[in-house]
Amino acid sequence: DSGVTQTPKHLITATGQRVTLRCSPRSGDLSVYWYQQSLDQGLQFLIQYYNGEERAKGNILERFSAQQFPDLHSELNLSSLELGDSALYFCASSVSGQETQYFGPGTRLLVL
Amino acid sequence: GDSVTQMEGPVTLSEEAFLTINCTYTATGYPSLFWYVQYPGEGLQLLLKATKADDKGSNKGFEATYRKETTSFHLEKGSVQVSDSAVYFCALIVSQGGSEKLVFGKGTKLTVNP
């Protein structure tokens, strides 16, 4: 158990819908990262937050957004969902900087 | 840009066989290097890491040495077990302007047969 929690574990929804994925980092970790794992793209970095502020953006679509709240949990919002958004979404956390990132169990999203 | 290349799988071995999964990287500077493992139906777990040249990371019988000259971080285990069956990802960390992200290889699926 990494100490990073993610909910829900599974999510099935329809095209055009909007969903919210939630992540709670390890106690004491200020950085939260979101990654997408799909069969064709592999593991890709989406976005990083540090203590409530956005620090870096990767290959994140404009239909996707995220935020980190004062209690340091983070949410990833996916809207106008398409079939191709079906993937495993991971959250990771670290203390900061070059420290190791610890991953949650992921949320498996299926868009029908 | 920074990237990681690891050997394509799948790799199938018999129990107690020797394992090598090759990983090479392209990066500006000298990033920390990682191996993560994903067991069936589970998330990513850190297996081992190395933060500077010639460092050797080790865990659960797995080892990898940070080789600056060959820009490599190959994963090895002397005697694999059925329980090692999983997907293994090599990764490096990219730091820029106060932000960090992991860049992953495509993963290598290992199956160990009894």
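Check the entry above for the structure.
Everything numeric in this text was worked out from a predicted model, so none of it was measured.

A. Highlighting the overall build of chain A. Assigned secondary structure in chain A consists of 0 helices and 11 strands. Along chain A, helices and strands appear, N-terminal first, in the series β-β-β-β-β-β-β-β-β-β-β. In summary, chain A has a C-alpha radius of gyration of 13 Å against a globular reference of 13 Å for 112 residues, a match within 12%. Reported as C-alpha extents along the three principal axes, the dimensions of chain A are approximately 35 × 30 × 25 Å. Taking all 112 residues of chain A together, 51% fall into the buried category. For chain A, the share of sequence-separated contacts (at least 6 apart) that also reach a separation of at least 24 residues comes to 53%.

B. Spatial organisation of the sheet that holds strand β7 (residues 64-68) of chain A. Residue and element names in this part refer to chain A. Across the sheet, which stays open at both edges, the 4 strands sit in the order β1-β3-β8-β7 with antiparallel pairing between neighbours. Where the open sheet ends on each side, the last strands, each with one partner, are β1 (5-7) and β7. Pairwise comparison of adjacent strand axes, ignoring direction, gives a mean angle of 15 degrees for this sheet. As paired elements, β7 and strand β8 (residues 74-78) share 5 bridges and run antiparallel to each other. The partner of Phe64 across the bridge, within β8, is Leu78.

C. Representation of the interface of chain A and chain B in the model. Contacts between the two partners involve 19 residues from chain A, matched on the other side by 18 residues from chain B. Taken over both partners, the interface formed by chain A and chain B buries close to 1,600 Å², and the fraction arising from carbon and sulfur atoms is 51%. On inspection of chain A and its partner chain B, the count reaches 6 residue pairs in polar contact (both at pLDDT 80 or more). Of all elements in the fold, only β4 (31-38), β5 (42-50), β6 (53-57) and β9 (87-94) of chain A reach the threshold of two or more residues within the side of chain A that touches chain B.

D. Representation of the nonpolar core within the structure. Residues and elements named next belong to chain B. In terms of nonpolar packing, the biggest core is built from 28 residues, with Trp35, Leu47, Leu48, Phe73, Leu75 and Tyr88 touching the most fellow members. Of all the secondary structure elements, the ones that give two or more residues to this core are β2 (11-14), β3 (19-21), β4 (23-26), β5 (33-38), β6 (44-50), β8 (62-65), β10 (86-96) and β12 (108-113). Examining the composition of this core, we find that 5 residues originate from one element, β10, more than from any other.

E. Examining a nonpolar patch on the surface more closely. Where nonpolar side chains cluster on the molecular surface, the patch consists of Ile12(A), Leu110(A) and Leu112(A) and spans about 310 Å² of accessible area. Following the sequence through the fold, Leu110(A) ends up in strand β11 (residues 107-111).

F. Structural detail: the environment of Thr5(A). Residue and element names in this part refer to chain A. Mapping Thr5 onto the fold places it in strand β1. As for Thr5 and Cys23, which are separated by 18 residues in sequence, their C-alpha atoms are 5.7 Å apart. The contacts of Thr5, once residues within four sequence positions are left out, are Arg22, Cys23 and Ser24.

G. Examining the pattern of salt bridges more closely. Per the counting criterion, the structure on display carries 6 salt bridges over all chains. Taking the shortest distance from any N to any O, the salt bridge between Asp85(A) and Arg63(A) comes out at 2.8 Å. One end of the pair, Asp85(A), is in the loop between β8 and β9; the other, Arg63(A), is in the loop between β6 and β7, with 22 residues separating them in the sequence. Two residues, Lys56(B) and Glu63(B), come together in a salt bridge whose shortest N-O distance is 3.6 Å. On the basis of relative accessible area, Glu63(B) is assigned to the partly exposed category, the value being 34%.

H. The state of the cysteines, seen in detail. Residue and element names in this part refer to chain A. Counted according to the given criterion, the structure contains 2 disulfides over all chains. In this model Cys23 forms its disulfide with Cys91; the gap between the sulfur atoms is 1.8 Å. What sets the handedness of the Cys23 and Cys91 disulfide is the S-S torsion sign, and at about -50 degrees it is left-handed. One end of the pair, Cys23, is in strand β3 (residues 19-24); the other, Cys91, is in strand β9, and 68 residues separate them in sequence. With respect to burial, Cys23 and Cys91 carry one shared label: buried.

Cut-offs and rules
Residues numbered from 1 in each chain as written. Chains lettered and ligands numbered in written order. Predicted model: local features only at pLDDT ≥ 70, side-chain atom pairs only at ≥ 80, totals over all residues. Heavy atoms only, no water. Helix = DSSP H or I, 4+ residues; strand = E, 2+ residues; numbered from the N terminus. Rg over C-alpha atoms; globule rule 2.2 N^0.38 Å. Buried < 20%, exposed > 50% of the residue type's maximum accessible area, 1.4 Å probe, protein only. Contact = heavy atoms within 4.5 Å. Pairing = 2+ DSSP bridges. Axes fitted to C-alpha atoms, helices over the stretch in contact; angles between N-to-C directions. Buried area = accessible area lost by both parts, 1.4 Å probe. Polar contact = N/O pair within 3.5 Å; in protein donor to acceptor, adjacent residues only side chain to side chain. Core = buried A, V, L, I, M, F, W, Y, C linked by side-chain atoms within 4.5 Å. Patch = residues over 30% accessible without salt bridge, like charges linked within 9 Å, V, L, I, M, F, W, Y side chains within 5 Å. Areas by Shrake-Rupley, 256 points an atom, 1.4 Å probe, with all protein chains shown as cover. Salt bridge = Lys/Arg side-chain N within 4 Å of Asp/Glu carboxyl O. Disulfide = S-S within 2.5 Å.

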